[in-house]
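Each chain is listed here by its residues.
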Amino acid sequence: MPELPEVETVRRGLKALVVGKKIVDVQVLWPKIVTNDSEEFKQQLAGRTIEAIDRRGKYLLFRLSGHLTMVSHLRMEGRYFLNQSDEPVTKHTHVIIAFTDRTQLRYADVRKFGRMTLLKTGQENQLSGIHALGPEPLSPDFQVADFYQRLQKHKKNIKAVLLDQHTVAGLGNIYCDEVLWLSKIHPLLPANRVTFTQAQSLHAAIQAELKKAVAAGGTTIRSYVDANGDSGHFQFNLHVYGREGQPCERCGALIQKIKVGGRGTHFCPQEQVLPADSTMAVIQ
DNA sequence: CCAGTGCCCTGGAGGC
DNA sequence: TGCCTCCAGGGCACTG
């Protein structure tokens, strides 16, 4: 599932592949992917040039000529590929952006969860998902003191708070489990019970882990590949995600898997413990 | 305002 | 081999 490191890797790949290309035609094969009216989406894109590709959290922002931005979220399994126009269109391709040089940017998504929205550049905040995003974890906007203050405002568990994108942007299920293990914090600890020392540890772990994952080209669990079709390598550096029943690398206790807010959650039961007086609302 | 639940989707895994 | 059921999950709409 694409989280910040995967989306950043896709962004870098796409930048090299499509920036500078001029759009000649667009096909929308599964209209639900595009939140705009399909016809308007196609008409507005035709004739534009891709000038840059930015990223905010897990959102890709295609900057187009004429002050338009196409916002794209890959959700679970969205992928972009650059093809020649005469190559056969694969089964799960839902949007095709054709360029004047006879290449095509194709969006494929097995689960069809991904979304694209075309809007005026500068009005990205009209999208509720972007409007509510917390700071970029790898930018100077992400400060320990502010992070700690934000955590103190939430009674719900730390895993849910890290996942919901308001406190910090870009973390998904995999990296949440990893940074909580690195910081030895139980996923069900209420966020307002995280100490300042723990917040410092978590803040450092988030930055270090995301940097390493970006450098490794992201994590490939089931389907993720970058814009060049290459898998990431960071799955070999995961400590808890997908390692249920295997020994913790630090202490040897067996990694446990529970459900938190409907998400599979992996942790070390020996090192990531709840304080004796904290809520034991363990959802099994 | 907040927490909880269901929805969107399909392929893969497991049971029989 | 085949059919059925269940599960994975990011973000959002809806409910209480």
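Overview of the structure.

Analysis parameters
- Residues numbered from 1 in each chain as written.
- Chains lettered and ligands numbered in written order.
- Predicted model: local features only at pLDDT ≥ 70, side-chain atom pairs only at ≥ 80, totals over all residues.
- Heavy atoms only, no water.
- Core = buried A, V, L, I, M, F, W, Y, C linked by side-chain atoms within 4.5 Å.
- Buried < 20%, exposed > 50% of the residue type's maximum accessible area, 1.4 Å probe, protein only.
- Helix = DSSP H or I, 4+ residues; strand = E, 2+ residues; numbered from the N terminus.
- Contact = heavy atoms within 4.5 Å.
- Near = heavy atom within 4 Å.
- Polar contact = N/O pair within 3.5 Å; in protein donor to acceptor, adjacent residues only side chain to side chain.
- Nonpolar A, V, L, I, M, F, W, Y, C, P; charged D, E, K, R; others polar.

## Remarks on the nonpolar core
Reasoning step 1: Of all hydrophobic cores here, the largest spans 30 residues; its most connected members are Phe147, Leu151, Ile158, Leu162, Leu171, Leu202 and Ile206.
Reasoning step 2: Contributing elements (two or more residues each) for this core: helix H4 (144-152), helix H5 (158-163), helix H6 (173-182), helix H7 (196-215) and strand E9 (256-260).
Reasoning step 3: Top element by residues in this core is H7. It accounts for seven residues.
Reasoning step 4: Ignoring sequence-local partners within four residues, the contact set of Ile158 consists of Leu151, Leu180, Ile185, His186, Pro187, Leu189, Pro190, Ala191, Val194 and Leu202.
Reasoning step 5: With 27 residues, the next largest nonpolar core counts Val7, Phe41, Ile50 and Val95 among its residues.

## Concerning the protein's contact with DNA strand B
Reasoning step 1: By nearness alone, every residue bordering DNA strand B is listed as Trp30, Lys32, Lys91, His92, Val110, Arg111, Lys112, Phe113 and Lys156.
Reasoning step 2: In the interface set of DNA strand B, defined as its atoms within 4 Å of the protein, sugar plus phosphate atoms amount to 63%.
Reasoning step 3: Side-chain polar atom of Lys32 to a phosphate oxygen of DNA strand B: 3.2 Å apart, as the coordinates give it.
Reasoning step 4: Lys156 places a main-chain nitrogen or oxygen 3.5 Å from a phosphate oxygen of DNA strand B.
Reasoning step 5: Class assignment of the residues belonging to the surface near DNA strand B gives a composition of three nonpolar, one polar and five charged.

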